[in-house]
Amino acid sequence: MVLQSTATVLSNEMLGETIFKIRVEQPAIAREILPGQFAMLRPHGRTDPLLGRPLAMYDVGRSDSGEPTSIDFVYLVQGNGTRALASLGPGDRVDLWGPLGNSFPRHPSNDLKRVLLLAGGIGQTPFLSVAKDLLGQQTYGAPANRQAGETSVSFIWGVRTKSLLAGLNDFQTLGIECHVATDDGSAGHHGRVTDLARQLIERGPRPTAIFSCGPEPMLVAVARLGQECQVPTWVSLETRMACGYGVCFSCVCPVKDSSPAGWDYSRVCLEGPIFRSTAIEWNEIVHQ
Ligand SMILES: Cc1cc2nc3c(=O)[nH]c(=O)nc-3n(C[C@H](O)[C@H](O)[C@H](O)COP(=O)(O)OP(=O)(O)OC[C@H]3O[C@@H](n4cnc5c(N)ncnc54)[C@H](O)[C@@H]3O)c2cc1C
């Protein structure tokens, strides 16, 4: 169930030049939210920006007894909405609604034996909780929502330059294999993250699933990579959206179906943001 609330900011820490981690106290949403889901946030009591901004759940904060109490979001300052969030401090209030959207696949299956998490830009944000969940290091949502399975996880993150790798240590401390790529060669592989992913897939062991989040051109390349390497692939879209709960239809994307056109629009906020890469009619997106 989606909850509309006003929540208190507990901290809003600068992780890098334009990257922040905000922690908001909201136990009811923290108890429910699943890896890959998101919430809409905006500063409380202001009309500019009028619309909330979608941010993926980064992690859930817990009390000493392990009860979910707060939610962390990591965000890149891009424009008006994220700039307004960056100006908040402890004790300030935000309007927060969620949990929104679907989650990444979570139930143990052959597909989830070896999961490759492939992030571009600020697209790493859903993957800390995805990794913890798959590895059984943390539970999210109702305890019965997921049984722990035998899963290995590796993480590949591509950014323009190394200062954008804020929070990489959060992933390294999980004990998973981590690789980075930078466009300018300032850290890790010099070049495209999808080229690095292809090298690692070809070297083996082969992943049984790819989960990806990042800018659209990267996701087009990831969808192609998944198809060529025959690895089931899921992508989380970062489409711009207004309401976040399926009413305004501002975030639609073309998804294949059995209609005469072969596809119809789905709402990224409600039916997504996570889709099988083969379900998306990428040609329609690229030509828009
Ligand atoms: C489901 C979902 C989860 C997301 N999770 C995160 C997250 O965890 N952390 C994070 O930093 N961001 C995330 N985003 C993206 C984030 O919502 C946008 O960056 C934010 O809404 C920008 O708002 P703004 O007012 O700061 O920028 P605006 O003033 O709206 O835009 C500033 C500039 O960024 C461009 N821009 C804004 N939004 C997008 C977009 N979605 N795609 C392409 N270009 C865009 C604009 O064209 C403009 O050039 C997510 C998006 C979705 C849909």
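Residues numbered from 1 in each chain as written. Predicted model: local features only at pLDDT ≥ 70, side-chain atom pairs only at ≥ 80, totals over all residues. Heavy atoms only, no water.

Draft legend 1. A look at the sheet that holds strand β5 (residues 59–62). In space, the 7 strands of this open sheet follow the order β4-β3-β7-β1-β2-β6-β5, with antiparallel pairing throughout. Strand pairing shows two members of the sheet lacking a second neighbour, β4 (53–56) and β5, which therefore form its edges. The average undirected angle you get between the axes of adjacent strands in this sheet is 40°. Of the pairings in the sheet, the one linking strand β3 (residues 38–43) to strand β7 (residues 93–100) comprises 5 bridges and is antiparallel in character. Across the sheet, Met40 pairs through a bridge with Trp97, a residue of β7. (Pairing = 2+ DSSP bridges. Helix = DSSP H or I, 4+ residues; strand = E, 2+ residues; numbered from the N terminus. Axes fitted to C-alpha atoms, helices over the stretch in contact; angles between N-to-C directions.)

Draft legend 2. Region of interest: the site of the ligand. Around the ligand, the surrounding shell holds 21 residues, and the nearest of these are Arg53, Gly81, Thr82, Glu238 and Arg240. Arg53 is positioned such that a nitrogen or oxygen atom in its side chain is 2.6 Å from an oxygen atom of the ligand. Between the ligand and Pro54 there is a distance of 2.7 Å, counted from an oxygen atom to a backbone nitrogen or oxygen. Contact with the protein chains removes 75% of the 910 Å² of surface that the ligand exposes when unbound. Of all the secondary structure elements, the ones that give two or more residues to the shell around the ligand are β4, β6 (68–76) and α2 (80–86). The element contributing the most residues to the shell around the ligand is β4, with 4 residues. Within the shell around the ligand, the residues separate by chemical class into 11 nonpolar, 7 polar and 3 charged. Two domains each provide a minimum of three residues to the shell around the ligand, namely domain 1 (3–100) and domain 2 (110–238 + 273–286). (Near = heavy atom within 4 Å. Polar contact = N/O pair within 3.5 Å; in protein donor to acceptor, adjacent residues only side chain to side chain. Areas by Shrake-Rupley, 256 points an atom, 1.4 Å probe, with all protein chains shown as cover. Nonpolar A, V, L, I, M, F, W, Y, C, P; charged D, E, K, R; others polar. Domains from an automatic or database assignment.)

Draft legend 3. Here's a closer look at a nonpolar patch on the surface. On the surface, Val2, Tyr245 and Val247 cluster together into a nonpolar patch covering about 280 Å² of accessible area. Within the element layout of this structure, Tyr245 appears in the loop between β13 (233–236) and β14 (252–256). (Patch = residues over 30% accessible without salt bridge, like charges linked within 9 Å, V, L, I, M, F, W, Y side chains within 5 Å. Salt bridge = Lys/Arg side-chain N within 4 Å of Asp/Glu carboxyl O.)

Draft legend 4. Up close: the state of the cysteines. Under the criterion given, the structure shown has 0 disulfides. With no disulfide of its own, Cys248 has Cys243 as its nearest cysteine by sulfur position, at a separation of 3.8 Å. The exposure class assigned to Cys248 is partly exposed, which follows from its relative accessible area of 35%. There is no disulfide at Cys251, and the cysteine sulfur nearest it, in Cys269, is 3.8 Å away. Taking relative accessible area as the criterion, Cys251 reaches 1% and is therefore assigned buried. (Disulfide = S-S within 2.5 Å. Buried < 20%, exposed > 50% of the residue type's maximum accessible area, 1.4 Å probe, protein only.)

Draft legend 5. View of unusual backbone geometry. Pro49 follows Asp48 through a cis peptide bond whose omega is 5°. In this structure, Pro49 sits in the loop between β3 and β4. Cis rather than trans, the peptide bond between Gly204 and Pro205 has omega equal to -5°. Relative to the helices and strands, Pro205 resides in the loop between α5 (193–203) and β12 (209–213). Phi at Gln230 takes a positive value of approximately 55°, unusual for a residue other than glycine.

Draft legend 6. Up close: the pairing of strand β8 (residues 114–120). Counting buried residues in β8 gives 6 out of 7 residues, a clear majority hidden from the surface. Taken together, the 7 bridges between β8 and strand β9 (residues 152–159) define a ladder with parallel strand orientation. Among the inter-strand pairings, Val115 is bridged to a residue of β9, identified as Val153. Judged from the 5 bridges that link them, β8 and β12 form a sheet pairing that is parallel. Within β12, the residue paired with Leu117 across the bridge is Phe211.

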